[in-house]
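# Residue-level structural notes
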Amino acid sequence: MSIKTIRQDVYADEQKEDIGAVVRRSIGLPEVDYLDPFLMLDEFYVTPPAGFPDHPHRGFETVSYVLQGAGMHEDCCGHKGTLHAGDVQWMTAGRGIVHCEMPHGTEEVHGLQLWVNLASKDKMIEPAYQELLDKDIPRVTKDNTTVKVIAGESQGVESPMLTRTPTIYLDFKMQKDGKLVQPIKKGWNTFVYILSGKATFGPEGKQTEGCPHHALILSEEGDNLVAVNKGPEECHFVLIGGQPLNEPVATHGPFVMNTEDEIQQAILDYKLKQKGFEIAKTWKSDYLTNR
């Protein structure tokens, strides 16, 4: 067994957005601009009336994981619902979607949002959704460590989530004296993000301590992540990994394509409400309608 080391430690500092929203970004910063296929990871705290009103996407997927509170979502394709603590939504924007994400109720919403790039062949597919309620996400406990298998496989348990870009998304809660050995496919880009507590990652003699709000980028070498919790407190972290697309990336805000020409086309299509954005001509979320 070869064990991965930590090649980069990135602290996700607080950024204020609007009034009542705080975002901690780890992937998507100058230090780690793009970890193929991952475009961004935000840990967010949103207190009403702040939120993310009607906005477009094209060319990638968003994965929203609510840790505390509840968030409502609504889009121009007629999809609407509420995510509660522990629930996950995997949204494929594809050729184009306009949606709204806001807190539900008066409680602060705390969660993670991951942006996963799509291969060029998938960028213009029809929008799609997958949602897993907390109670339906498979989980298993071993060596004082519980894993929720949001995507991929861990400890012999597999998630029903379909990932167009092959991805693992695992949520671990490691108690005192907890241990973890997690196989990772060769060639994948992988990182850990610490939500609370502390744990050490890597082989004996080359261990790195992971602290809250830090993203630990794993080495390309090795085929297993090893972690231990030697402290008295639970360590809560996610492990995210994916198969690189190895394609050119062009971005402009909510649009992610392969070339600058495709980005300009996306901007034009959204402006003219065409080629994937037709429904958005007359659509406005209930949130904006009722303001």
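Residues numbered from 1 in each chain as written. Predicted model: local features only at pLDDT ≥ 70, side-chain atom pairs only at ≥ 80, totals over all residues. Heavy atoms only, no water.

### Some points on the UniProt feature "domain: Pirin N-terminal" (unreviewed entry) in the protein
According to UniProt, the positions carrying the feature "domain: Pirin N-terminal" (unreviewed entry) are residues 23-116. As annotated, residues 23-116 has a helix share of 0% and a strand share of 62%, and its two end C-alpha atoms lie 18 Å apart. (UniProt positions renumbered as here; feature names shortened; annotations may be inferred. Helix = DSSP H or I, 4+ residues; strand = E, 2+ residues; numbered from the N terminus.)

### Here we look at the pairing of strand 19 (residues 189-196)
For strand 19, the buried fraction is high: 7 of the 8 residues fall into the buried class. As defined by bridge partners, strand 19 adjoins strand 24 (residues 235-242) across 7 bridges and the pair is classed as antiparallel. Across the sheet, F191 pairs through a bridge with I240, a residue of strand 24. Relative to strand 22 (residues 214-218), strand 19 runs antiparallel, the two being bridged by 3 bridges. Bridge pairing in strand 22 links F191 to I217. (Buried < 20%, exposed > 50% of the residue type's maximum accessible area, 1.4 Å probe, protein only. Pairing = 2+ DSSP bridges.)

### A closer look at the layout of surface pockets
For the largest pocket, the calculated volume is near 490 Å³. Lining the largest pocket are 28 residues, and of these F44, F52, H55, E101 and Q113 sit closest to its centre. Of all the secondary structure elements, the ones that give two or more residues to the lining of the largest pocket are strand 3 (21-25), strand 4 (38-46), strand 5 (52-57), strand 6 (60-68), strand 7 (70-75), strand 10 (97-103) and strand 11 (109-117). In terms of residues, the lining of the largest pocket owes the most to one element, strand 5, which gives 5 residues. Broken down by class, the residue content of the lining of the largest pocket amounts to 16 nonpolar, 8 polar and 4 charged. Here the second largest pocket defines a volume of roughly 280 Å³. In terms of lining residues, the second largest pocket is bounded by 16 residues, among which G152, E153, I168, K185 and W188 are the most central. For the lining of the second largest pocket, the secondary structure elements donating two or more residues are strand 15 (153-154), strand 17 (167-174) and strand 18 (179-183). Partitioned by chemical class, the residues of the lining of the second largest pocket number 6 nonpolar, 7 polar and 3 charged. (1 Å grid on protein atoms, 1.4 Å probe; cavity = no way out; pocket = protein on both sides within 12 Å on 5 of 7 lines; lining within 4 Å. Points joined across faces, edges and corners; volume = space filled by probe spheres on them. Nonpolar A, V, L, I, M, F, W, Y, C, P; charged D, E, K, R; others polar.)

### Some remarks on the pairing of strand 7
Here strand 7 lies mainly inside the structure; 6 of its 6 residues are buried. Neither face of strand 7 is left uncovered, since the one carrying A70, M72 and E74 and the one carrying G71, H73 and D75 both have all their residues buried. Here strand 7 runs beside strand 8 (residues 80-84); their pairing, made up of 5 bridges, is antiparallel. If you follow G71 over to strand 8, its bridge partner there is L83. The hairpin turn running from strand 7 into strand 8, its antiparallel successor, is 4 residues long, and G78 in that turn takes a positive phi close to 100 degrees.

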